[in-house]
Amino acid sequence: MDSAHLITTTEAIDPVFTFIFVACLVLLVGITLVTAVFIIRYHRSRAPEPTSQVEGNIWLEIIWVALPSLLVLAMFYYGWAGYLALRNVPEGAMEVTATARMWSWTFTYPDGRTSPKLYVPVGKPVKVQLVSVDVLHGFYLPAFRVKRDAVPGMTNYAWFVASKPGSYDLFCSSYCGTGHSAMITTVEALPEAEFAAWLKLGAAEEKHPGQKLLEEHGCLGCHSLDGTPKIGPTLKGIWGRNVTVLTNGAERSITVDEAYLGRSIQKPNADVVKGFPPVMPAAALKPDETKAIVEYLKEVK
């Protein structure tokens, strides 16, 4: 399908919203005005006794049955057409898998590359396969009028088109636990040439196995590598750092070493850094994977 003639999700949803909003506004204003007129005209001081002798009006009854029925049918038609537009993915759409977990997103591309942000080319439809590894999450892109659930054990999907370059917020719309409000990332819409360069750079870039594991298991959703505060302590310069932890409710000071890092990965609530909530889930990692992460964290300065 030619992207120049492609109806985007935004173009499918906005007219429906506008139609329903305007219809409701007209009804609100009309009913309010009629009510005000009746209150004034038929106030007890003006008409202490009922004077109307009308028993019925067939045309009035037809109108107030027909008009609301037509209005509801019109809303249904536009709503159904908008729903079909959201579910019918255009041919040639680029496919990306979004893996949701408490409390982060991981995006996997056809070449196997992963990223905590969703990078997409401008003007090209993108189909996002939605997968959850733990609880119910919601894939919500306000800028593109897209919101679909990521349900454990069920594959769902959504699609959208970024019509212009920019950074767009991506939220989790379903309450998924303590860190729900921090489960935020972005869609980075790049011109096609820049997106191709990003993909090429990713293919050529050789990442440390530990970094790959951190990305694949969503660790970077709660822990930053650049010092930025998140739900959990930053991983920047963590090796050899002196920290105060709570162990069985008691405070103690320790120096971050291999034993501490390995224990924090396998049993995250054994020693909780003071000032952070004990909400980190245990990672399903093999011993060699845990070792690879520890070796990588030694290098994060």
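Preceding block: the structure.
The notes below deal with the structure included here.

About the thresholds
Residues numbered from 1 in each chain as written. Predicted model: local features only at pLDDT ≥ 70, side-chain atom pairs only at ≥ 80, totals over all residues. Heavy atoms only, no water. Helix = DSSP H or I, 4+ residues; strand = E, 2+ residues; numbered from the N terminus. Rg over C-alpha atoms; globule rule 2.2 N^0.38 Å. Buried < 20%, exposed > 50% of the residue type's maximum accessible area, 1.4 Å probe, protein only. Contact = heavy atoms within 4.5 Å. Patch = residues over 30% accessible without salt bridge, like charges linked within 9 Å, V, L, I, M, F, W, Y side chains within 5 Å. Areas by Shrake-Rupley, 256 points an atom, 1.4 Å probe, with all protein chains shown as cover. Salt bridge = Lys/Arg side-chain N within 4 Å of Asp/Glu carboxyl O. Pairing = 2+ DSSP bridges. Phe/Tyr/Trp six-rings, centres within 6.5 Å; stacked < 30°, edge-to-face > 60°. Lys NZ or Arg CZ within 6 Å of the ring centre and 35° of its normal. Axes fitted to C-alpha atoms, helices over the stretch in contact; angles between N-to-C directions. Parallel < 35°, antiparallel > 145°, perpendicular 65-115°, else oblique. Left-handed = near helix turned anticlockwise from the far one by under 90°. Nonpolar A, V, L, I, M, F, W, Y, C, P; charged D, E, K, R; others polar.

## Considering the overall build of the protein
Inference 1: In terms of regular secondary structure, the protein is built from 6 helices and 13 strands.
Inference 2: Taken over the C-alpha trace, the protein has a radius of gyration of 28 Å; the compact-globule value for 301 residues is 19 Å, which it surpasses by more than 25%.
Inference 3: Each principal axis of the C-alpha distribution contributes one length, and for the protein these read about 90 × 55 × 30 Å.
Inference 4: Within the protein, buried positions represent 37% of all 301 residues.
Inference 5: Sequence-distant contacts in the protein: of pairs separated by 6 or more residues, those separated by 24 or more amount to 62%.

## Here we look at a nonpolar patch on the surface
Inference 1: There is a patch of nonpolar side chains on the surface, built from Phe17, Phe21, Val22, Leu25, Val26, Leu28, Val29 and Leu33 and spanning about 800 Å² of accessible area.
Inference 2: Tracing the backbone shows Val26 in helix α1 (residues 9–41).

## Thoughts on the pattern of salt bridges
Inference 1: One pass over the structure, following the stated rule, counts 6 salt bridges.
Inference 2: Between Glu251 and Lys274 there is a salt bridge, with the nearest N and O atoms lying 3.0 Å from each other. Residue Glu251 is found in strand β12 (residues 250–255), and its partner Lys274 is found in the loop between β13 (272–273) and α6 (287–297); the two are separated by 23 residues along the sequence.
Inference 3: Judged by relative accessible area, Lys274 falls into the partly exposed class, the value being 46%.
Inference 4: As a salt-bridge pair, Glu258 and Lys298 come within 2.5 Å of each other at their nearest N and O atoms. You can see Glu258 sitting in helix α5 (residues 258–266) and its partner Lys298 sitting in the segment after α6, a full 40 residues away along the chain.
Inference 5: Here the salt bridges do not stand alone but share partners, grouping Arg252, Arg263 and Asp271 into one network.

## Regarding unusual backbone geometry
Residues apart from glycine generally show negative phi values, whereas peptide bonds are mostly found in trans.
Inference 1: Note that the residue after Met102, namely Trp103, is joined by a cis bond; omega there is 0°.
Inference 2: With respect to the element layout, Trp103 can be found in the loop between β1 (94–101) and β2 (104–108).
Inference 3: One non-glycine residue, Arg145, lies in positive phi territory at about 60°.
Inference 4: Structurally, the position occupied by Arg145 is in the loop between β6 (137–141) and β7 (146–150).
Inference 5: The class for Arg145 is partly exposed, based on a relative accessible area of 34%.

## Some points on the sheet that holds β1
What holds strands together in a sheet is hydrogen bonding between their backbones, with the strands either parallel or antiparallel.
Inference 1: Strand order in the open sheet formed by 5 strands is β3-β2-β1-β5-β8, with mixed pairing between adjacent strands. Strand pairing shows two members of the sheet lacking a second neighbour, β3 (114–115) and β8 (156–160), which therefore form its edges.
Inference 2: Sheet topology note: the β1/strand β5 (residues 126–132) ladder contains 7 bridges and is parallel. Residue pairing for β5: Thr97 is matched across the bridge by Gln129.

## What about the packing of aromatic side chains?
Inference 1: For the coordinates displayed, the defined rule picks out 12 aromatic pairs.
Inference 2: Ring centres 6.5 Å apart and planes at 10° place the aromatic pair Trp105 and Phe107 in the stacked group.
Inference 3: When its relative accessible area of 4% is taken as the criterion, Trp105 is described as buried.
Inference 4: Note on Phe107: relative accessible area 0%, which makes it buried.
Inference 5: Connected via pairs of aromatic rings, a cluster forms that spans Tyr109, Tyr119, Phe195 and Trp198.
Inference 6: For the cation-ring pair, Arg87 lies above Tyr157, with the distance from its terminal atom to the ring centre recorded as 3.9 Å.
Inference 7: Directly above the aromatic system of Trp198 lies the positively charged group of Arg113, at a separation of 3.8 Å from the ring centroid.

## A look at the packing of α5 against α6
Inference 1: α6 packs onto α5 with a crossing angle of 130° between their chain directions and a minimal axis gap of 10 Å. In terms of their interaxial angle, α5 and α6 are classed as oblique. For α5 against α6, the interelement crossing comes out right-handed. Facing Glu258, Leu261, Gly262, Ile265 and Gln266 of α5, the residues of α6 in contact are Thr290, Ile293, Val294, Glu295 and Leu297.
Inference 2: The class makeup of the residues in the contact of α5 with α6 is 5 nonpolar, 3 polar and 2 charged.

## Some details on the sheet that holds β12
Inference 1: Within the open sheet, the 3 strands sit side by side as β12-β11-β13. Their pairing is antiparallel. Strands at the two margins of the open sheet, each flanked by one partner only, are β12 and β13.
Inference 2: Sheet topology places strand β11 (residues 242–247) next to β13; 2 bridges connect them, and they run antiparallel. Looking across to β13, one finds that Leu246 is bridged to Val272.

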